[in-house]
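# Structural features, examined
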Amino acid sequence: MDDIFTIIQAVLLLASAVFVLLAALGILRFKDDIPRVLYARIHILGVADMACILALLIMGAPLLAGAYFILAPFACHAIANGFFYGEDKQ
């Protein structure tokens, strides 16, 4: 019975790793000449956030996954707000 859970955990961790790699590829595809490229990049990083939360849940850290699930959107909002109202106007 433990072998089945180990296989399921391994498959889900591999799926999380694939999501992180896809998010990295998506970030690299965007050029800096697109207006508001930061918002597109933050959207892509949401995929990596979900993959990290899934990996934390699989590894048996539900409290850490819950904290990350709650705090990650606030951090993304703060970064986007800082960019929007920042001093670097192009």
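Residues numbered from 1 in each chain as written. Predicted model: local features only at pLDDT ≥ 70, side-chain atom pairs only at ≥ 80, totals over all residues. Heavy atoms only, no water.

Another aspect to go through is the overall build of the protein. Helix and strand content of the protein: three helices and zero strands. Secondary structure of the protein in N-to-C order comes out as α-α-α. Against the compact-globule benchmark of 12 Å for 90 residues, the protein has a radius of gyration of 16 Å, which places it well outside the compact range. Along the first, second and third principal axes, the C-alpha set of the protein runs to 60 × 25 × 10 Å. Residues classed as buried in the protein amount to 19% of the 90 residues present. For the protein, contacts bridging at least 24 residues in sequence account for 55% of all contacts bridging at least 6. If you sum the accessible surface of the protein, you get close to 7000 Å²; carbon and sulfur atoms cover 74% of it. The averaged location of the 7 negative side-chain charges in the protein is 14 Å from the averaged location of its 5 positive side-chain charges. (Helix = DSSP H or I, 4+ residues; strand = E, 2+ residues; numbered from the N terminus. Rg over C-alpha atoms; globule rule 2.2 N^0.38 Å. Buried < 20%, exposed > 50% of the residue type's maximum accessible area, 1.4 Å probe, protein only. Contact = heavy atoms within 4.5 Å. Areas by Shrake-Rupley, 256 points an atom, 1.4 Å probe, with all protein chains shown as cover. Lys, Arg positive; Asp, Glu negative; His and termini not counted. Charge placed at Lys NZ, Arg CZ, Asp CG, Glu CD.)

Let us look at the environment of V20. Relative to the helices and strands, V20 resides in helix α1 (residues 2–29). With relative accessibility at 33%, the residue V20 sits in the partly exposed group. When the C-alpha positions of V20 and M50 are compared, they lie 9.1 Å apart, and in sequence the two are 30 residues distant.

With respect to the element layout, D49 can be found in helix α2 (residues 37–58). By relative accessible area, which is 15% here, D49 ends up buried. Excluding anything up to four places from it in sequence, D49 contacts Y68, A72 and C76.

Let us look at the confidence of the model for the protein. It should be kept in mind that the predicted coordinates are not to be read in detail where pLDDT is low. For the protein, the mean per-residue pLDDT works out to 79, and 90% of the residues sit at or above 70. Per-element confidence in the protein is highest for helix α3 (residues 62–84), whose mean pLDDT is 85, and lowest for α2, whose mean pLDDT is 79. (pLDDT = per-residue confidence, 0-100.)

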